[in-house]
Amino acid sequence: GCWRAALSGGGLYRFDGHRWRSFTTKHDLPGQEILKVFEDSQGRIWVGTYEQGRGAGVGCFDGIRWRNYTARDGLADNCVYAMFEDPLRNMWFGTINGVSIFDGKTWHKLTKKDGLIDNRVYCMWIDSNKKMWFGTENGVSRFDGSNWLSFTKKDGLVENLVRAILETSDNELWFGTY
């Protein structure tokens, strides 16, 4: 996925081992600046868009065609930085205006009012214990399905702006800050 469309032309590219195929808005890709690419358990490809900070929502490619979703459909914001699929096959999207959860039919939104430390969500992770982690502009929030817990610099983070989360094979969580 290309981030800076003005420099590269943007879009999404697939390599099948022999040749490249490009996807652009001419092929129904939602936008030209791609921040995140994710494959769900059904083999669908999801993309989150940036579009110079305005976003163009998310797109879902089923192998044949794109289906696009925006704030008009229920997405928290059209600028989508992160995504994952939970064990129940719900898709979770980190946006600059909170988290959106999509069950395939209905959208739900989580914000600071629900327990996030900040609405600008840049990365997300679901760990081996099925706890969900959200890296934000002001720290990390963890949600276990019922309760929220948040961590900031005062708890030991190097910086509050968290851009990457990873769990290793020995269940250690790593957090990349800005």
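Residue numbering note: each chain is counted from 1, following its sequence as written. Note on the predicted model: pLDDT of at least 70 is required for a residue's local features to be given, and 80 or more for side-chain atom pairs to be given and counted; whole-chain, interface and lining totals, by contrast, use all residues. Based on all heavy atoms of the structure, the side-chain values leave hydrogens and waters out of the count.

1. Examining the sheet that holds strand 14 (residues 148-151)
Here is step 1: Any two strands with at least two DSSP-identified bridges between them are counted as paired. Numbering of helices and strands runs from the N terminus; a helix is a DSSP stretch of H or I covering at least four residues, while a strand is a stretch of E covering at least two. Strand order in this open sheet of four strands is 11-12-13-14, and the pairing throughout is antiparallel. Since the sheet does not close on itself, it has two edges, and those belong to strand 11 (121-126) and strand 14, each with one partner. Each neighbouring strand pair of the sheet contributes to a mean axis angle of 20°, computed without reference to strand direction.
Here is step 2: Bridge count for strand 12 (residues 132-136) against strand 13 (residues 139-143) is five bridges, and the pairing is antiparallel. Paired with glycine 135 across the two strands is valine 140, which belongs to strand 13. Comment: axis = line fitted to C-alpha atoms, over the contacting stretch for helices; angle = value between 0 and 180 degrees taken between N-to-C directions.

2. Examining the sheet that holds strand 3 (residues 34-39)
Here is step 1: Strand order across the open sheet formed by four strands is 3-4-5-6, with antiparallel pairing between neighbours. Because the sheet does not close on itself, it has two edges, and the strands there are strand 3 and strand 6 (66-69). Strand-to-strand twist in this sheet, taken as the mean axis angle between neighbours without regard to direction, amounts to 20°.
Here is step 2: Sheet topology places strand 3 next to strand 4 (residues 45-49); five bridges connect them, and they run antiparallel. By the bridge assignment, valine 37 is partnered in strand 4 with valine 47.

3. Thoughts on the pairing of strand 9 (residues 98-102)
Here is step 1: Taken across its five residues, strand 9 has five buried, putting it largely inside the fold.
Here is step 2: Pairing of strand 8 (residues 91-95) with strand 9 involves five bridges; the strand directions are antiparallel. Counterpart to methionine 91 in the pairing with strand 9 is phenylalanine 102.
Here is step 3: Taking the residues that link successive antiparallel strands as the turn, the strand 8-strand 9 hairpin has two residues.
Here is step 4: Hairpin connection between strand 9 and strand 10 (residues 107-110): a loop of four residues separates the two successive antiparallel strands, and glycine 104 in this loop has a positive phi of roughly 105°. In this scheme, a residue with accessible area under 20% of its type's maximum is buried, one over 50% is exposed, and one in between is partly exposed, where area comes from a 1.4 Å probe on protein chains only.

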